[in-house]
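Examination of the molecular architecture
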Amino acid sequence: MAVSIKSAREIEKMRESCRLLEGVFNHLAKMIEPGITTWEIDQEGEKEIRACGGVPNFLHYQGYPASICISLNDEVVHGIPKKGRVVQEGDIISLDAGLIYNGYHSDMARTFPVGKISEEAQKLIDVTKQSFFEGIKYARAGCHLHEISSAIGTYAESFGYGVVRDLTGHGIGTKLHEDPEIPNFVCKGRGIRLQPGMTLAIEPMINAGTWEVEWLDDDWTVVTADGALSAHYENTVLITDGDPEILTLSK
Ligand code: CO
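Here's a quick rundown of the structure. (Residues numbered from 1 in each chain as written. Predicted model: local features only at pLDDT ≥ 70, side-chain atom pairs only at ≥ 80, totals over all residues. Heavy atoms only, no water.)

So, helix α2 (residues 38–51)
Here α2 is 14 residues long and its end C-alpha atoms lie 20 Å apart, about the 20 Å a rise of 1.5 Å per residue gives. Three or more residues of α2 are buried, namely Thr38, Ile41, Asp42, Glu44, Gly45, Glu46 and Ile49. Residues of α2 that are buried sit in contact with α1 (8–31), β1 (55–56), β2 (68–72) and β4 (92–101). (Helix = DSSP H or I, 4+ residues; strand = E, 2+ residues; numbered from the N terminus. Expected span 1.5 Å × (residues − 1). Buried < 20%, exposed > 50% of the residue type's maximum accessible area, 1.4 Å probe, protein only. Contact = heavy atoms within 4.5 Å.)

Structure (structure tokens):
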């Protein structure tokens, strides 16, 4: 397994790619309201990515047919935008987006409430986000990768939630998915030792019920096996000499 260490020049390109993605993402987040279709959000996302000089990295990735992954309620990740899929009051909606700029990839995801949602749904969204921040306490040079994984998983499970095991975070750079795989649960061994210049897409996927998931017949959409809600929170993160730099989250 080869984990790439980015040079100062490459890090600057990663920052730029992530900064542009964050702009696109914030624009898409403002579109979310009851009545909009997932297809409209995807179309706008592709347009915005191209308008800032980027290329949608999800489009045609292993045959994925859209630019933005949009997953509602019990859909965990990789939901395919559709003309007939209308977002409703009370839904939770996960957007996962990425782009390539100057040869460098960025990747981020968030789950949003649509109008008024249940307290349980909001708690799931909040805990999923916080699990990421628990994890990145260990996103430091000298720590080991699985310290991040354990911190995320232990925190989420302390609320009785199921941590998805079939999908993981990943290294990111000149490819969307680079080594290492980044599990969101306690695992065997310490994992690699983290070094400055590593760029990681850390992305807890947390279910309100069981951790088990299934794939729909479209071969993409991942859903919870028990139909419970699921939330997602992802940033592209740079390991430095000190605190991690969250490249897709400006201060
Ligand atoms: Co990712």
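After that view, the rundown keeps rolling.
Observations concerning the sheet that holds strand β13 (residues 230–232)
In spatial order, the strands read β6-β10-β13; together these 3 strands make up an open sheet with antiparallel pairing. Among the strands making up the open sheet, the edge pair consists of β6 (162–163) and β13. In the sheet, β6 pairs with strand β10 (residues 205–207) via 2 bridges, with the strands oriented antiparallel. Counterpart to Gly162 in the pairing with β10 is Asn207. Helix-sheet contacts for helix α3 (residues 119–135) involve β10 and β13, and the interaxial angle to β13 is about 35°. (Pairing = 2+ DSSP bridges. Axes fitted to C-alpha atoms, helices over the stretch in contact; angles between N-to-C directions.)

Examining the coordination of the cobalt ion
Donor atoms from the polypeptide that coordinate the cobalt ion comprise Asp107 (OD), His170 (NE2), Glu203 (OE) and Glu234 (OE), at 2.1 to 2.2 Å from the metal. Written as a sequence motif, the donor residues of the cobalt ion are D-x62-H-x32-E-x30-E. Placement of Glu203 in the loop between β9 (199–202) and β10 and of Glu234 in the loop between β13 and β14 (235–238) is noted, with a sequence separation of 31 residues between them. For Glu203, a relative accessible area of 7% gives the class buried. (Donors = N, O, S within 2.8 Å, 3.2 Å for Na, K, Ca; no water.)

Topic: the sheet that holds strand β12 (residues 222–224)
One open sheet accounts for 3 strands, arranged β3-β12-β11; its pairing is antiparallel. Unpaired on one side and paired on the other, β3 (75–77) and β11 (213–215) mark the two borders of the sheet. Looking at each pair of strands side by side, their axes are set apart by 40° on average, direction ignored. With 2 bridges joining them, β3 and β12 adopt antiparallel strand pairing. Bridge assignment links Glu75 to a residue of β12, and that residue is Val223.

Digging into the packing of aromatic side chains
Within this structure, the stated rule accounts for 7 aromatic pairs. Summarising the aromatic geometry, the rings of Tyr64 and Trp220 are spaced 5.0 Å apart at their centres and angled 80° between planes, so their arrangement reads as edge-to-face. Of this pair, Tyr64 sits in the loop between β1 and β2 while Trp220 is found in the loop between β11 and β12, placing the two residues 156 residues apart along the sequence. Of the two residues examined, Tyr64 and Trp220, each falls in the buried class. Here a set of aromatic residues connected by ring pairs shows up, and it is made of Phe132, Phe133 and Tyr233. Looking at Arg165, its charged tip hangs above the ring of Phe185, at a distance of 4.0 Å from the centre. We note Arg165 situated over the ring of Trp211; from NZ or CZ to the ring centre the distance is 5.8 Å. (Phe/Tyr/Trp six-rings, centres within 6.5 Å; stacked < 30°, edge-to-face > 60°. Lys NZ or Arg CZ within 6 Å of the ring centre and 35° of its normal.)

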